[in-house]
Amino acid sequence: MTTVAPAGSRVIFERPELLIDRSTHYCPGCGHGVVHRLIAEVLGELGLGSRTIAVAPVGCAVFAYDYIGVDFVEAPHGRAPAVATGIRRVRPDAFVLTYQGDGDLAAIGTAEIVHAAGRGELLTAVFVNNGIYGMTGGQMAPTTLLGQRSTSSPGGREAAFHGYPIPMTEMLAIMPGVAYAARGSVVDAPAIGRTKQYLRRACEVQLEGRGFAIVEVISNCPVGWGMTPTESIERLRDVVAKQYRPGVIVDRTGEG
Amino acid sequence: MTTVAPAGSRVIFERPELLIDRSTHYCPGCGHGVVHRLIAEVLGELGLGSRTIAVAPVGCAVFAYDYIGVDFVEAPHGRAPAVATGIRRVRPDAFVLTYQGDGDLAAIGTAEIVHAAGRGELLTAVFVNNGIYGMTGGQMAPTTLLGQRSTSSPGGREAAFHGYPIPMTEMLAIMPGVAYAARGSVVDAPAIGRTKQYLRRACEVQLEGRGFAIVEVISNCPVGWGMTPTESIERLRDVVAKQYRPGVIVDRTGEG
Amino acid sequence: MIAVAQDSLALPGAELPAPAGSAPGTWSPLHIATDRCKGCSLCIGACTKGALALDETRVNVLGYHPIQLIDPAACTSCALCARVCPDSVFTVFAALKTPRGTSR
Amino acid sequence: MIAVAQDSLALPGAELPAPAGSAPGTWSPLHIATDRCKGCSLCIGACTKGALALDETRVNVLGYHPIQLIDPAACTSCALCARVCPDSVFTVFAALKTPRGTSR
Amino acid sequence: MTTATIPPATLHHGHRVLMKGNEAMAEAAIRAGCDAYFGYPITPQAELLEWMARRMPEEGRPFVQAESELGAIDMALGAAATGARVLVSSSSPGISLMAEAMSYMAGAEIPMVLVNVMRGGPGLGGIGPSQADYFQATKGHGHGDYRVPVLAPSSIGEAMALMADAFELAERYRTPVFILADGTLGQAMEPVELHFREPARVADTWSVRGADGRQPRVVRSMHLEPEDLEQHNRHLQAKFAEISAREVRWAGENLEGADLVIVAYGTAARVARTAIARARAEGLRAGLFRPITLWPFPSAALAEVAARARGLLTVELSAGQMVEDVRLAVEGRTPVAFEGRTGGMIPTPGEVVEALHRLHAATTARPASATMEVRP
Amino acid sequence: MTTATIPPATLHHGHRVLMKGNEAMAEAAIRAGCDAYFGYPITPQAELLEWMARRMPEEGRPFVQAESELGAIDMALGAAATGARVLVSSSSPGISLMAEAMSYMAGAEIPMVLVNVMRGGPGLGGIGPSQADYFQATKGHGHGDYRVPVLAPSSIGEAMALMADAFELAERYRTPVFILADGTLGQAMEPVELHFREPARVADTWSVRGADGRQPRVVRSMHLEPEDLEQHNRHLQAKFAEISAREVRWAGENLEGADLVIVAYGTAARVARTAIARARAEGLRAGLFRPITLWPFPSAALAEVAARARGLLTVELSAGQMVEDVRLAVEGRTPVAFEGRTGGMIPTPGEVVEALHRLHAATTARPASATMEVRP
Amino acid sequence: MERSVIFAGFGGQGLLFAGQVLARAAMNEEREVLWIPTYGPEMRGGTAACTVIVGDEPIGSPVVDAAWAAVVLNPPSLAKFGPLVAPGGTLIVNATLVEAESGRTDIDELRVPCTRLARDAGDDRLVSVAALGALIGRTGLVGPDAVIAALREILGRKHADALEADLAVFDGGLAFGRAANATEERLAATTGAG
Amino acid sequence: MERSVIFAGFGGQGLLFAGQVLARAAMNEEREVLWIPTYGPEMRGGTAACTVIVGDEPIGSPVVDAAWAAVVLNPPSLAKFGPLVAPGGTLIVNATLVEAESGRTDIDELRVPCTRLARDAGDDRLVSVAALGALIGRTGLVGPDAVIAALREILGRKHADALEADLAVFDGGLAFGRAANATEERLAATTGAG
Ligand SMILES: Cc1ncc(C[n+]2csc(CCOP(=O)(O)OP(=O)(O)O)c2C)c(N)n1
Ligand SMILES: Cc1ncc(C[n+]2csc(CCOP(=O)(O)OP(=O)(O)O)c2C)c(N)n1
Ligand code: SF4
Ligand code: SF4
Ligand code: SF4
Ligand code: SF4
Ligand code: SF4
Ligand code: SF4
Ligand SMILES: [Mg+2]
Ligand SMILES: [Mg+2]
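Residues numbered from 1 in each chain as written. Chains lettered and ligands numbered in written order. Predicted model: local features only at pLDDT ≥ 70, side-chain atom pairs only at ≥ 80, totals over all residues. Heavy atoms only, no water.

A few points about the overall build of chain E
Threshold: Numbering of helices and strands runs from the N terminus; a helix is a DSSP stretch of H or I covering at least four residues, while a strand is a stretch of E covering at least two. Two things to know: the radius of gyration comes from C-alpha atoms, and the globule rule equals 2.2 Å times the number of residues to the power 0.38. Relative accessibility thresholds used throughout: buried, under 20% of the residue-type maximum; exposed, over 50%; partly exposed, between the two (1.4 Å probe, protein chains only). We call two residues contacting when some pair of their heavy atoms lies within 4.5 Å.
Within chain E, the regular secondary structure consists of 13 helices and 16 strands. Scaling as 2.2 N^0.38, a compact globule of 376 residues should have a C-alpha radius of gyration of about 21 Å, and chain E matches this with 21 Å. Projecting the C-alpha coordinates of chain E onto the three principal axes gives extents of approximately 75 × 55 × 35 Å. Expressed as a percentage of the 376 residues in chain E, the buried residues total 73%. Counted over contacts in chain E with a minimum sequence separation of 6, partners at least 24 positions apart contribute 78%.

This is the structure we're talking about:
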């Protein structure tokens, strides 16, 4: 997107080039938009746009390919890490990125993410955890918090009946193939800035050939949570971030 | 099996009643036989034979139902924890036990075991880790050690090509739904005795309603490893047990 | 009757029109792609200067009341709004506080 | 010609025959279900008394040389052999070391 | 979207209420004595799962949102192996994932009801209504020689009634049963007269609940000795033959003296009904043959109807699947034309009327040829 | 069991070697330029994976033993979406697990070759040879309206030759292709003349390898707007029609003047060949019609052959699946009988000869009826 | 005789709800009815629509060749569904958001200031209810009492507060539709299409 | 003319290997051949079997109604495959392990002390090779040189040490088979079955 800068005025912030200039289908206030922008920024800054092959999930972000201007493959629900493994193995020169929601990655796709991580597959995985199945209408996800209501846990999630929230990234982080794992959030501008740094590092880790890298981003789903965007951001800060604490979870890149 | 005791002689050891008196299809020296016997002993000692519903895997132990005298359901490959969840939910009075190999549990069945554990499903899971696909002819399993040869890693497992061995039980243990996780072995009589204690505790944990319990048993597969039974036991002791260390991995039963 | 807001038509490569929401003739540190705005208000919460508000008098092509810069003078070009906006609605230019350079 | 070993026919509830491998008339602390033995030798390794060996002169119904107690006198009824045997071949009785009771 | 306008407490037998298809099927299952539900969200089936999420706990019965469709169907396998009455639902891509377990359940003879609220494919496709999983449901879903009864409702009321029938068939024949509905049936609301029915429970002699004194039982599909597996297959085939002989269902409308017979099920049959009314107004003697069991397909009945007609028109929300069974039923004795839309599109009554006119022209103008041009 | 007696270095073009079917197919794929293999162990296919585990690294090409069949097929989807030539293999239960991804690949038009070394089902079944996944491969595997070419070799040599053809078809039509082999073909060893062939690579305009200056591409099967999805389905159907018109393959033996024609593929066709030799010796004028493409099924050719015959006998290692396509092809104009064994059993030549005698008697004694008694 | 109404507009405009109210009203009159949603490609946001078919026999086809009436609340909906109204049918247009006209001369096109009507009656989000009122006022497809009963049934239990606003907005729309009836010429055959 | 041989015995007795050696020998003679294993239900342990069919045209059916010859190395195999030998066919029985006889009078049944022959030649595990030798000595299905070449090809590269033992055992079996030929009366039509 070309902008006409007012005379004598420096651009502080602009839409990254790799973010296609088109309005998204996401609901007002949805965190996917922020994560998309961060990915576009990082890929642009690292000069990876021309050699990235990204894998889209099944979830609200299935349309990521309409917004991020790189080559994409659409994976079946949950299988993005397997699809990406196939790409990685036959295209050693490509930069391979997966994008998945929490239903996609932490439920149906559990085996695929665990084994891509276990193999230390050279992939950068972006995991947008909004604690809900957004696309299908707000059902409980594996990461839904205890007590949280959803269309499939209408009385709130109960451990004894629905099971416990699964700390997916911590679980993956114990595997030696995982070179880097971090958790960011979209709660406010500073957090978004840190999330961008995690994403950037997770991309570099792949470029350095160090192993599997994953960045979980805790995000909001105002519609699935039945809240206004502002309320959803408050909940993200006050409730969700207390359970899924942002930060670097493991960094094995110093070891090699 | 009735035995005729020599006059005046006490029985020190005999085949447990729940172990059906029939020769097994297992290869000479195979650890599955020992694990079967321990399960039969523990179920017998706890008086659970009449209300146990066990789930057989796909793997050499698919025939467990021919040897252990309790009700059984045969699960599709890897799905024993899902099958057991179904049983658990509709039969609250039943004692539910799963038996799986490492290909079954740690490869194709990853999602099912992670989520049964995540739900804290009241199940007792027996996980026989022999580091190989025994039934299908000795291919690499997720738990195969680095350097180990198999029919699908003929030059030995290499991390960069085949990925790292997955510490499945440690991974499961981080989930709050897991009340008890331990690793035993069949390497010698004392280890077998400890394994039996783990199995017994994992059964009690279910009876006490505390959550998901799993016992991994590192075991030998002489045929899959291309060794004599004796050599395979030596490798189990000298190599495998050094990587997959026996012991209690987590015990959350004190917490509640 | 309330008019439907019409501006940057989201054509790739199209030039941004004059910043919306600012009085004609005044310069604004923000370019706002009004018809991509979904009125979520997250930028309003992010702006520490209270410089933003929804324009309740208009509905854009997506059916939302779009954002507007109600107080251009207060804007410090901190870009907090832009960083939290899920729809990348904003382009932020350095504030012209000092005639010779940028404010930060 | 070498005979095919035939003994406890693995019928559920069948009574065990006289312990195999012991000289006729002598008492043995082990009952061995010979035709379930697969000759894996793990029990041999487990027996600290060296009391067990494969009977290379016979092949059982499964096609293996079965185990035999070669030194009944050395056997302490420790049951280590029984605990490691994957095929639950052994039944172990307390050793009759003292006429009045059991050894442990 | 859950309509959530109907409190279950108001769902009294005999009342007339406005219900969404997905929710109506769910409630019908509950009233049919469904002991457990396992599912995974997918459009356009999600409201069925959501209704169960709310109602099953109210009834004190298990509901589990599984980690995937594989998890759901395998939980169902386990629960049903203990003799419980189990429902699972999904939509096309999710149903594909259940192929292996369905083959297991058919092999192990485990009763269960599986609802497929079909959407447009192939692949991720779309979320509009479709009937393009006909082949899958009736023939080739899982591996091996097996068939399962497939019931195809054409209205929400019928979907509710067939739910009880499905459980009954499942248990009588120890088999999984498919209810094949399309997105329209799942998403639409219609007034339904509530006539709930709970099939009687029959004590079974095969399920596992703990041996408790009797011989231990095994619910299994493995028979490693080929002779045994063939024997088992013979038994299964005999059962399939019995179902084929006894459980065929279909409905006819305006068949008396009908020259042109539309063969259609589900939503396509509703379009056909409207089209037939119009066509008759325009002077065509058209009637409707509506299979209710897609397997066993009502071949004999159709052959009889076809023998009195000049031509058959198969209408489907697919590129042409059931039309193969129609052709097999008539074996060239009556011309068979096809009209279908795909990808979430539904043929309009006008299109079907046109197709009837074309068939009429073709079957009167020139000698009948067995297969008509197929479109699209 | 890997025979491991053949060092690949000795596999020279033109040589005659004794090879196991699974291994021969694997080596043929390598020589056909297979860029990557993804698989998961299962009997009776395991040696194919094992051969690849050894040979692909030797060739510097990727081999991945996936975490499951789902993993394997989805890795294949990813690799093939970048334009790589990809092989996957499995056996019946594993193939069932691939239904969803196959539908995705058909929808997204991704070329790939999938070998099914069929075993007895349903469910876990057994490990003996079978042809009971015919319906699955030719009709209803995944959801939605799609078909994939299905090649059925009948000898190890033919399996090797068809491997190159399969890649060629896959790439020419941008479609997954099935090679349908049964356990016998996978497990047997036969001498084969080595005639390797590597289909030429055609630059494609759709695969993703990084945009690098051009417009970014998406390989996808989703088309959420029903109009778009229908448009896409029309395109797919046109492609299927083209394949049906151009790619039909079959072989005939002793068809000249044949009264009784056996229709059989794969291992069943070999049994049929032996039976026909005996039957001819006993005075029956029997011939063999052997479909090589099961989809597209050689209906027109068969109809022509059938028109000159008194009766058809379909022989399968199943309870009767291809026989439906046979009946569809002849539409009642020639009687069709069936002879099959299931669960790992193979009909013996003697049984087939007897069936020929029965067919002979039935078609000479009484007026031809369209469908013969089916057994078992 | 089956009469079909398409409701279409932005996702947040309450279309599916208005359609449900109409369906329930029809059922309250002991008629047959079918309500069926169609999602736009975006699902989240974007254009949404539903069809309600009212008749005296069980409803046949869920798709219609042409609509007896359409209610369009945003510009894309006018473009998409305007042409689908049967000759002689009714088109209710949300004049607040839609400047364009269908350009058709063979239908009864009524421009309704939905937002204003809704705001005047207390809640400017209830545009669909205003439009529904106008439709009923204009066509008399179902009796207003049946609609009011439907609103009470649907909202009464849980959303008593919302109910009052909905009733008021419906009333405003109804009055607008009736007034238009009274003052404007009607095309001859407004009920002729299926 | 297709000639089929079934090899059957315990899993560890080397049957599949003996079958492969025969198949390769047939190929060395430029004949057509098919080797096909059949697993017993246990897969691990238990009874294993394979069939080798030798002919001059490409082999048709992989299953045979009756076997031209069978080599049975343990008692269950005798029970299962003894009856499958075609009238006039050959049955090689491992006399070391099998006490029973087939009871058939219409076939040529040769009892071979396989373990002793194998031990005498240096490795008592090579029972299958001994049996193969006896089969060839008795029937001449393929030339001994083709078998020896096959053994060299299969074992030569990697298992040179094993090769010597195998050759010796094969020789012993061959001699036993030939001796039986020379000294015993043969039934009239030993080659008449398919
Ligand atoms: C096999 C299969 N099962 C289910 C679905 C339906 N489905 C679409 S998206 C989705 C989950 C979306 O949740 P998540 O991954 O958390 O993404 P979000 O929309 O929340 O970003 C599901 C279950 C599907 N398309 N395919
Ligand atoms: C869906 C499916 N895939 C593959 C197989 C083949 N298979 C049978 S057992 C097995 C793995 C056995 O390994 P493991 O679980 O470690 O058990 P073990 O035999 O070593 O005890 C496999 C892959 C199958 N039966 N089903
Ligand atoms: S449903 Fe949730 S995740 Fe999906 S677009 Fe809307 S807010 Fe975002
Ligand atoms: S293959 Fe391995 S695991 Fe299987 S029975 Fe033999 S030794 Fe045991
Ligand atoms: S740039 Fe900063 S001050 Fe200006 S509007 Fe945005 S947030 Fe407010
Ligand atoms: S954050 Fe973006 S989309 Fe939301 S109101 Fe502000 S400008 Fe509009
Ligand atoms: S009981 Fe103990 S001493 Fe006796 S044989 Fe067994 S291991 Fe040896
Ligand atoms: S451990 Fe058991 S099976 Fe092995 S040799 Fe000893 S008795 Fe026999
Ligand atoms: Mg989510
Ligand atoms: Mg294993």
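Let's pick the thread back up.
Here we look at the coordination of the magnesium ion (ligand 10)
Residue and element names in this part refer to chain B. To keep things clear, this is the line we draw: Coordinating donors are taken as N, O and S atoms within 2.8 Å of the metal, stretched to 3.2 Å for Na, K and Ca; because water is absent from the atoms, sites can appear incomplete.
D102 (OD), N130 (OD1) and I132 (O) make up the full set of protein donors to the magnesium ion (ligand 10), lying at 2.0 to 2.1 Å. Assessed through its relative accessible area of 2%, D102 is described here as buried. Given a relative accessible area of 1%, I132 falls into the buried group.

Section: the domain arrangement of chain E
It is common to report an interface's size as the accessible area lost on association of the parts. Residues and elements named next belong to chain E. For clarity, the threshold we go by: Residue ranges assigned to the domains are those given by an automatic or database domain assignment. Take the accessible area each of two parts loses on contact, using a 1.4 Å probe, and add the two losses: that sum is the buried area. One speaks of a salt bridge when a side-chain nitrogen belonging to Lys or Arg is within 4 Å of a carboxyl oxygen belonging to Asp or Glu. Three classes are used, and their members are as follows: Ala, Val, Leu, Ile, Met, Phe, Trp, Tyr, Cys and Pro are nonpolar, Asp, Glu, Lys and Arg are charged, and the others, Gly among them, are polar.
You can read the domains of chain E as domain 1 (3-201 + 219-246) and domain 2 (251-365). For domain 1 versus domain 2, the distance between C-alpha centres works out to 27 Å. Listed by partner, the interface residues are 31 residues for domain 1 and 27 residues for domain 2. The contact between domain 1 and domain 2 buries some 2,300 Å² in all, and 53% of this surface belongs to carbon and sulfur atoms. On the domain 1 side of the interface with domain 2, the three residues burying the most area are Q131, Y134 and S154, jointly 31% of the side's total. On the surface where domain 1 and domain 2 come into contact, there are three salt bridges. For E158, the salt bridge identified is with R290, shortest N-O distance 2.8 Å. Elements with a contribution of two residues or more to the side of domain 1 that touches domain 2: α6 (134-140), β6 (150-151), α7 (156-173), β7 (176-182), α8 (183-187) and α9 (226-246). Residues belonging to the side of domain 1 that touches domain 2 are distributed by class as follows: 16 nonpolar, nine polar and six charged.

Quick notes on the relation of the copies chain F and chain E
Filter applied, for reference: Our superposition of the copies is a least-squares fit, built on the C-alpha atoms of residues whose pLDDT is at least 70 in both.
Between the two copies, chain F and chain E, the superposition gives an RMSD of 0.0 Å; the rotation angle is 180° and the shift along the axis is 0.0 Å. Taken together, the rotation and translation relating the two chain copies correspond to the operation of a two-fold axis. A share of 100% of the interface residues of chain F reappears at the interface of chain E, consistent with the copies meeting face to face through the same patch.

A short note on the interface of chain F and chain E
We count it as follows: We define a polar contact as two N or O atoms separated by no more than 3.5 Å, with the added condition that, inside protein, one atom must be a possible hydrogen donor and the other a possible acceptor, whereas residues neighbouring each other in sequence contribute only through side-chain atom pairs.
Taken together, the 61 residues of chain F in the interface contact 61 residues of chain E. Roughly 5,300 Å² of surface becomes buried between chain F and chain E when both sides are summed, with 57% attributable to carbon and sulfur atoms. Considering only the side of chain F, the residues that lose the most area to chain E are P122, H143 and E331 of chain F, jointly responsible for 13% of the buried surface there. Taken together, the connections running from chain F to chain E amount to eight salt bridges. E331 of chain F is paired through a salt bridge with R327 of chain E; the nearest N and O atoms lie 3.4 Å apart. At the junction of chain F with chain E, the criterion picks out 34 residue pairs in polar contact (both at pLDDT 80 or more). Broken down by secondary-structure element, the contributors of at least two residues to the side of chain F that touches chain E are α4 (92-96), α5 (99-108), α6 (134-140), α9 (226-246) and α12 (322-330) of chain F.

A look at the coordination of the magnesium ion (ligand 9)
Residues and elements named next belong to chain A. Distances from the magnesium ion (ligand 9) to its protein donors, D102 (OD), N130 (OD1) and I132 (O), fall within 2.0 to 2.1 Å. Taken in chain order, the donor set of the magnesium ion (ligand 9) reads D-x27-N-x1-I. Separated by 28 residues along the polypeptide, D102 in helix α4 (residues 102-108) and N130 in the loop between β5 (124-129) and β6 (132-133) bring together distant segments of the chain. With respect to class, D102 is no different from N130; both count as buried.

Remarks on the arrangement of the chains
In this assembly, 16 pairs of chains are in contact, and the pair contributing the most contacts is chains E and F. For chain A and chain H, which are not in contact, the least C-alpha distance works out to 29 Å. A minimum C-alpha distance of 59 Å separates chain C and chain H, which share no contact.

Digging into the sheet that holds strand β4 (residues 90-93) of chain C
Formally: For two strands to count as paired, DSSP must find a minimum of two bridges between them. Here the axes come from fitting lines to C-alpha atoms, over the contacting stretch only for helices, and the angles between their N-to-C directions go from 0 to 180 degrees.
A sheet is described by the order of its strands in space; here three strands give the open sequence β1(A)-β4(C)-β1(C), paired in antiparallel fashion. The sheet is open, and its two edges are formed by β1 (11-13) of chain A together with β1 (30-32) of chain C, each paired on a single side. The mean inter-strand angle of the sheet, taken between neighbouring strand axes irrespective of direction, is 30°. Relative to β4 of chain C, β1 of chain C runs antiparallel, the two sharing three bridges. Bridge pairing in β4 of chain C links L30 of chain C to V92 of chain C.

Re the interface of chain H and chain F
At the interface, 24 residues of chain H touch 28 residues of chain F. Where chain H abuts chain F, roughly 2,200 Å² becomes buried across the two surfaces, and 61% of that area is made up of carbon and sulfur atoms. Among the salt bridges present, the one from D65 of chain H reaches R278 of chain F, with a minimum N-O distance of 2.7 Å. There are 10 residue pairs in polar contact (both at pLDDT 80 or more) connecting chain H and chain F. Where the side of chain H that touches chain F is concerned, the elements lending two or more residues are α1 (15-28) and β2 (32-39) of chain H.

Considerations on the pattern of salt bridges
Counted by the stated rule, this structure contains 122 salt bridges over all chains. E41 of chain A serves as the salt-bridge partner of K196 of chain A, at 3.0 Å between the closest nitrogen and oxygen. Of this pair, K196 of chain A sits in helix α8 (residues 189-207) while E41 of chain A is found in helix α1 (residues 31-45), placing the two residues 155 residues apart along the sequence. Of the two residues, K196 of chain A and E41 of chain A, both sit in the buried class. Between E247 of chain F and R249 of chain F there is a salt bridge, with its nearest N and O atoms 3.8 Å apart. Among the residues examined, E247 of chain F registers a relative accessible area of 6% and is labelled buried. Each of R37, E41, E45, K196, R200, R201, E204, E208 and R210 of chain A takes part in salt bridges that share partners, so that together they form one network.

Topic: the packing of aromatic side chains
Definition in use: Pairing of aromatic rings covers Phe, Tyr and Trp, the last through its six-membered ring, and needs centres within 6.5 Å; plane angles under 30 degrees mean stacked, over 60 mean edge-to-face, and all others mean tilted. Here, a charge over a ring is recorded when the distance from Lys NZ or Arg CZ to the ring centre is within 6 Å and its angle to the ring normal is within 35 degrees.
Within this structure, the stated rule accounts for 14 aromatic pairs over all chains. Relative to F72 of chain A, the ring of Y65 of chain A has its centre 6.0 Å away and its plane inclined at 75°; by these criteria the two rings are edge-to-face. Pair check on accessibility: Y65 of chain A and F72 of chain A agree, each one buried. Seen from their ring centres, W250 of chain E and F289 of chain E are 4.4 Å apart, and the 20° between their planes marks the pair as stacked. Of this pair, W250 of chain E sits in strand β10 (residues 250-253) while F289 of chain E sits in strand β12 (residues 286-291); the two residues are 39 residues apart in sequence, bridging distant segments of the chain. Here W250 of chain E falls in the partly exposed class, since its relative accessible area comes to 34%. The cationic tip of K139 of chain E hangs over the ring face of F135 of chain F; the distance from NZ or CZ to the ring centre is 5.9 Å. Of note, R54 of chain F hangs over the ring of W51 of chain F, and the distance from its end group to the ring centre comes to 4.9 Å.

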